[in-house]
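So the chains spell out like this:
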Amino acid sequence: MAHLDSDVKEECLREDLKFYFMNPCEKYRARHQIPWKLGLQILKIVMVTTQLVRFGLSNQMVVAFKEENTVAFKHLFLKGYSGTDEDDYSCSVYTQEDAYESIFFAINQYHHLKNISLGTLSYGENEDNRTGLKVCKQHYKKGAMFPSNDTLNIDSDIEVDCVHLDLSKDPQDWKNLSFFRLEFYRLLEVEISFRLKGIDLQTIHSRELPDCYVFQNTITFDNKAHSGKIKIYFDSDAKIEECKDLNISGSIQKNTQYVLVFDAFVIVICLASLILCTRSIVLALRLRKRFLNFFLEKYKRRVCNTDQWEFINGWYVLVIISDLMTIIGSILKMEIKAKNLTNYDLCSILLGTSTLFVWVGVIRYLGYFQAYNVLILTMQASLPKVLRFCACAGMIYLGYTFCGWIVLGPYHDKFEDLNTVAECLFSLVNGDDMFATFAEIQQKSVLVWLFSRLYLYSFISLFIYMILSLFIALITDSYDTIKKYQQNGFPETDLQEFLKECSSKEKYQKESSGFLSCVCCLRR
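What you see is a predicted model, and the numbers here were worked out from it, not measured in a lab.

About the cut-offs
- Residues numbered from 1 in each chain as written.
- Predicted model: local features only at pLDDT ≥ 70, side-chain atom pairs only at ≥ 80, totals over all residues.
- Heavy atoms only, no water.
- Axes fitted to C-alpha atoms, helices over the stretch in contact; angles between N-to-C directions.
- Helix = DSSP H or I, 4+ residues; strand = E, 2+ residues; numbered from the N terminus.
- Parallel < 35°, antiparallel > 145°, perpendicular 65-115°, else oblique.
- Left-handed = near helix turned anticlockwise from the far one by under 90°.
- Nonpolar A, V, L, I, M, F, W, Y, C, P; charged D, E, K, R; others polar.
- Patch = residues over 30% accessible without salt bridge, like charges linked within 9 Å, V, L, I, M, F, W, Y side chains within 5 Å.
- Areas by Shrake-Rupley, 256 points an atom, 1.4 Å probe, with all protein chains shown as cover.
- Salt bridge = Lys/Arg side-chain N within 4 Å of Asp/Glu carboxyl O.
- Lys, Arg positive; Asp, Glu negative; His and termini not counted.
- Charge placed at Lys NZ, Arg CZ, Asp CG, Glu CD.
- Buried < 20%, exposed > 50% of the residue type's maximum accessible area, 1.4 Å probe, protein only.
- Core = buried A, V, L, I, M, F, W, Y, C linked by side-chain atoms within 4.5 Å.
- Contact = heavy atoms within 4.5 Å.
- 1 Å grid on protein atoms, 1.4 Å probe; cavity = no way out; pocket = protein on both sides within 12 Å on 5 of 7 lines; lining within 4 Å.
- Points joined across faces, edges and corners; volume = space filled by probe spheres on them.
- pLDDT = per-residue confidence, 0-100.
- Disulfide = S-S within 2.5 Å.
- Expected span 1.5 Å × (residues − 1).

Q: I'm lost on the packing of helix H9 (residues 314-337) against helix H10 (residues 344-366) in this one. Help?
A: The geometry of a pair of packed helices is captured by two quantities: the angle between their axes and the separation between those axes. Where H9 meets H10, the closest approach of the two axes is 8 Å, and the angle between their N-to-C directions is 150°. Relative to H10, H9 is oriented roughly antiparallel. Along this stretch, H9 crosses H10, giving a crossing that reads as left-handed. Tallied by class, the residues present in the contact of H9 with H10 amount to 18 nonpolar, seven polar and two charged.

Below, the structure written as structure tokens:
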């Protein structure tokens, strides 16, 4: 009787295992189980993508409004602005007269803003709840300089003086303040900061509620180099705030309600998907425990780790992460739509990443067909070798990055900082912009010019002809191995042999698990 119960228990376990590793179509033919998760994933792809596109179009208007206002501010407050930034700064001046005129031009334009601006702008309050301009200057504490005698006497301590310019005064009166008598040989920086408020009315055309903005603008006259050139920087930090009193008639409110209902439906779909996938993982862990106990009891040995990991479906984990991000992102989107929150960036990251995971998850269902399964198997097989290879190649890459930054930085724009150097070298690996990188090196130093040739030729030769070729060879080798196993059969693991015993007439083979487990789980 005990032996009979053991056989029944073993057969039941084998059937449960076999059913667990079936695809949705096989499960439906075996037990007529409706593939709810498959249907939900298809519906979720449509819903999440539609939601992302709608949010992207709305976010695009926000970005356009910020960028266009920044351009308008530069034309309004920067004297002689050409419409194109000179470098990382907007424009520059070379004489004391031009410096004074640029400073007072910005002040005068601010004072007459309502009469000259085409936008929906008004004055905003600064940090101290005062309306107006705040002008600060940084300069060395004291000093004297006589270049003709090579004489310098200066106190390197930096003083910061600030003045608040009220709108009630005439801008002409401000010119007479002693604050604006600048000693340029001591001057380091002049900073003009002010806040403006605006309303984005273009959203009304898209049947959305308008956003209210606060622009924190800063004009910086940088004289730290004391090279005879003062660089003028303009920075505008736009923040969206909740509008205090919106009274808009028409169909906008009704359209907003429809969008909120749609977002709520997306949350419900993702919540159902989350529950079903979590339930599948819990059932899989219970099934794994049953299998481990049975295997240890019958064969007196433990199942290898790779077979144990076969019960943890990575696609379900990916779907759960995607569902959580979609739910949180949809809640943020609803709050933004209702104008209770203004964090577009966080919402964009959550919705964008979740949509990426949803579409990547489609590969799982294509993997059920052998013709489409090659990509997944090749990626899984080559990933460990590729990561180890990249770790070694990364050391060489970092070495070239630091070397190029310290040697070529003073002579080449693309090597000025570490981030730019890394991006430049990555472009060279892909064969982009090679001639410009060679040609733009300044020939002020023959030694550095010769070093740059040796540096660039060695990097390109090493990474394109050797490292990149080896990288491709690793993936190609994994692909060839997969094709060979598909033709001759994959090595069988303990789990597969156990399932194969179910019936001599039935053939069960799980290709992906067979290849990934062949190293540690072959029967000996």
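That covers the picture; the talk isn't over yet.
Q: Can you help me understand a negative patch on the surface in this one?
A: A surface patch of negative charge is lined by Glu86, Asp87, Asp88, Asp413, Glu416, Asp417, Glu423 and Glu440. Along the polypeptide, Glu440 turns up in the loop between helix H13 (434-439) and helix H14 (446-488).

Q: Would you mind showing me how to read the pattern of salt bridges here?
A: Pairing of side chains with opposite charge becomes possible as their charged atoms draw close. Considering all chains together, one arrives at seven salt bridges under this definition. The shortest N-O distance in the salt bridge between Asp323 and Lys44 comes to 2.5 Å. A residue pair is termed long-range when its members are at least 10 positions apart, and Asp323 in helix H9 and Lys44 in helix H3 (residues 36-77) qualify at 279 residues. For the residue pair Asp323 and Lys44, the accessibility class agrees, reading buried in each case. In this structure, Lys385 engages Asp477 in a salt bridge whose closest nitrogen and oxygen atoms are separated by 3.5 Å.

Q: Please clarify how the nonpolar core should be interpreted in this entry.
A: Side chains of a nonpolar character, in soluble globular proteins, are inclined to be buried together. Formed by 49 residues in total, the largest nonpolar core has its most connected members in Phe77, Phe180, Ile192, Leu196 and Ile219. With near-sequence residues (within four places) excluded, Ile219 lies in contact with Phe77, Leu78, Ala106, Val190, Glu191, Ile192, Phe194, Ile232, Tyr233 and Phe234. Of all hydrophobic cores here, the second largest spans 21 residues; its members include Ala393, Ile441, Leu456 and Phe459.

Q: Whenever I open this one, the layout of surface pockets confuses me. Can you help?
A: Any space left empty among the atoms is revealed by the rolling of a water-sized probe across them. Quantified by volume, the second largest pocket comes out at close to 300 Å³. Around the second largest pocket sit 16 residues that line it, and Phe65, Asn69, Leu118, Gly119 and Thr120 are the ones nearest its centre. Elements with a minimum of two residues in the lining of the second largest pocket: H3 and strand E5 (187-200). Per element, the largest residue contribution to the lining of the second largest pocket is six residues, and it comes from H3.

Q: What is the right way to look at unusual backbone geometry in this model?
A: As a rule of thumb, non-glycine residues mostly have phi less than zero, and peptide bonds are mostly trans rather than cis. The phi dihedral of His226 is positive, around 50°, even though this residue is not glycine. Take His226: it is sitting in the loop between strand E6 (211-222) and strand E7 (230-241). Positive phi is not limited to glycine here, since Asp433 has a value of about 60°. You can see Asp433 is positioned in the loop between helix H12 (418-429) and H13.

Q: Hey, could you run me through the confidence of the model for the protein chain in this one?
A: Residues shown with low pLDDT carry predicted positions that ought not to be read at fine detail. Scored by pLDDT, the protein chain comes out at a mean of 79, with 82% of its residues at no less than 70. The element-level mean pLDDT for the protein chain is lowest in helix H16 (residues 511-521), coming to 39, with H12 highest at 90. Between residues 503-524, whose pLDDT stays under 50, and residues either more than four places distant or in other chains, the model counts 52 contacts.

Q: Would you mind going over the packing of H3 against H9 with me for this structure?
A: Axis separation between H3 and H9 bottoms out at 12 Å; the angle between their running directions is 40°. Once H3 is placed against H9, the crossing between them reads as left-handed. Of the residues in H9, those in contact with Lys37, Gln41, Lys44, Val48, Gln51 and Phe55 of H3 are Tyr316, Val319, Ser322, Asp323, Thr326, Ser330 and Lys333. Here the contact of H3 with H9 is composed, by residue class, of four nonpolar, five polar and four charged.

Q: Explain the state of the cysteines to me, please; I cannot follow it from the model alone.
A: Should the sulfur atoms of two cysteines be covalently bonded, the bond is a disulfide. The full count for this structure, using the stated rule, is one disulfide. A sulfur-sulfur separation of 2.0 Å characterises the disulfide bridge that pairs Cys136 with Cys162. Handedness of the Cys136-Cys162 disulfide follows from its S-S torsion of about 110°: it is right-handed. Highlighted residues: Cys136 in strand E3 (residues 133-146) and Cys162 in strand E4 (residues 151-165), separated in sequence by 26 residues. On the basis of relative accessible area, Cys136 is assigned to the buried category, the value being 14%.

Q: Just to check I follow, could you spell out helix H4 (residues 96-111) for this structure?
A: Helical periodicity: at 3.6 residues per turn, an α-helix aligns residues three or four positions apart in one direction. With 16 residues, H4 extends 23 Å between its outermost C-alpha atoms, agreeing within 8% with the 22 Å of an ideal straight helix rising 1.5 Å per residue. Among the residues of H4, Ala99, Ser102, Ile103, Phe104, Ala106, Ile107, Gln109 and Tyr110 are the ones counted as buried.

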